Amino acid sequence: MIGMRRISSLLILVLYAAVLLPVLEDFRGVMGDEAAYADPALRWCEGQGFTSAAWWQSPDAFWAANFPLYAVVSAAWGKFTGMSSLWGLRSLSLLLYVAGLAVWMAACRRAEWFKSLAQEVGFLAMILGSLYATAPSQYIRPEAVAPLLLGLGLWGQTLSRESMRDVMAFATGVLAAWAGLQFAVTLGVFVIVWMAAADA
């Protein structure tokens, strides 16, 4: 039954990505904040340093924002894949989001939070069908890394060795801070709830 549960979640995520990937570029027009989120990565790929002309600072100054992790990941994606187009950067967001949900679902299974296949599939369907899923999975958005960080944080807390749990909590905390303060707060609340549930 566990194998069927794992396959069903992955099948839903693959289907979600397969439906969206071909139409990402034509799905909607470019949103204003997409250009701002993509600009630091594109300028870095073009050899202009970690700067941005789309934010409220000098375009020659080192780019300072509260989510450098997404810009670094986007720049690496553009450098190594050459996909710095609108479709390429939107596909990165979609792939990060889907991979993050896959890790999150695996962590939830590992923590034995789902009691049935219907519960697991229903939970995943609610996330994918929510308004929250639209922005990070279909636009160039830094929130695309949030499910991955949350999933890694939860998965780390299911490890049997306390030292490894501490390492994973520290690593995901650092990455969450680099992803943006709002994600660090979300992860912090999630870990507090997880620890409270473990003590109960």
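None of these values were measured; they are calculated from a predicted model. Residue indices begin from 1 for each chain and proceed along its sequence in written order. Local features in this predicted model are restricted to residues whose pLDDT is 70 or higher, and side-chain atom pairs enter the listing and the counts only when it is 80 or higher, whereas totals over whole chains, interfaces and linings include all residues. The basis for the side-chain values is all heavy atoms of the structure; hydrogens and waters are excluded.

So, the packing of aromatic side chains
Just so we agree on the cut-off: Ring geometry is summarised as follows: Phe, Tyr and Trp rings, the Trp one being its six-membered ring, pair when their centres sit within 6.5 Å, and such pairs are stacked at plane angles under 30 degrees, edge-to-face over 60 and tilted between the two. Helix and strand definitions here come from DSSP, where helices need a minimum of 4 consecutive H or I residues and strands a minimum of 2 consecutive E residues; each element is numbered from the N-terminal end.
Under the definition given, this model contains 11 aromatic pairs. Look at Tyr37 and Trp55: their rings are 6.0 Å apart centre to centre, the planes differ by 45°, and that puts the pair in the tilted class. One end of the pair, Tyr37, is in helix α3 (residues 32-45); the other, Trp55, is in the loop between α3 and α4 (68-81), with 18 residues separating them in the sequence. The interplanar angle of 85° and the centroid separation of 6.0 Å between the aromatic rings of Trp104 and Phe123 together place this pair among those described as edge-to-face. Note that Trp104 is positioned in helix α5 (residues 86-110) and Phe123 in helix α6 (residues 117-128), a separation of 19 residues in sequence. Taken together, the ring pairs connect Tyr37, Trp44, Phe50, Trp55, Trp56, Phe62, Trp63 and Phe67 into an aromatic cluster.

A short note on the pattern of salt bridges
Defined as follows: Salt bridges, as used here, are contacts in which a Lys or Arg side-chain nitrogen is within 4 Å of a carboxyl oxygen on Asp or Glu. Think of it in three bands: residues with accessible area under 20% of the maximum for their type are buried, residues over 50% are exposed, and the middle band is partly exposed, with areas taken using a 1.4 Å probe on protein chains only.
Within this structure, the stated rule accounts for four salt bridges. Close ionic contact of Asp33 with Arg141 constitutes a salt bridge, the shortest N to O distance being 2.1 Å. A residue pair is termed long-range when its members are at least 10 positions apart, and Asp33 in helix α3 and Arg141 in the loop between α7 (131-138) and α8 (146-157) qualify at 108 residues. A relative accessible area of 12% means that Arg141 is categorised as buried.

Quick word on the environment of Ala102
We count it as follows: We call two residues in contact when some of their heavy atoms are within 4.5 Å.
Relative to the helices and strands, Ala102 resides in helix α5. C-alpha separation for the pair Ala102 and Gly151, spaced 49 residues apart in sequence, amounts to 8.1 Å. Not counting residues up to four positions away in its chain, the partners in contact with Ala102 are Leu10 and Leu13.

Thoughts on the environment of Ala71
Its location among the elements puts Ala71 in helix α4. With 33 residues separating them along the chain, Ala71 and Ala38 place their C-alpha atoms 7.1 Å apart. Look past the residues within four positions of Ala71 in its chain and what remains in contact with it is Pro40, Ala41, Phe50 and Trp63.

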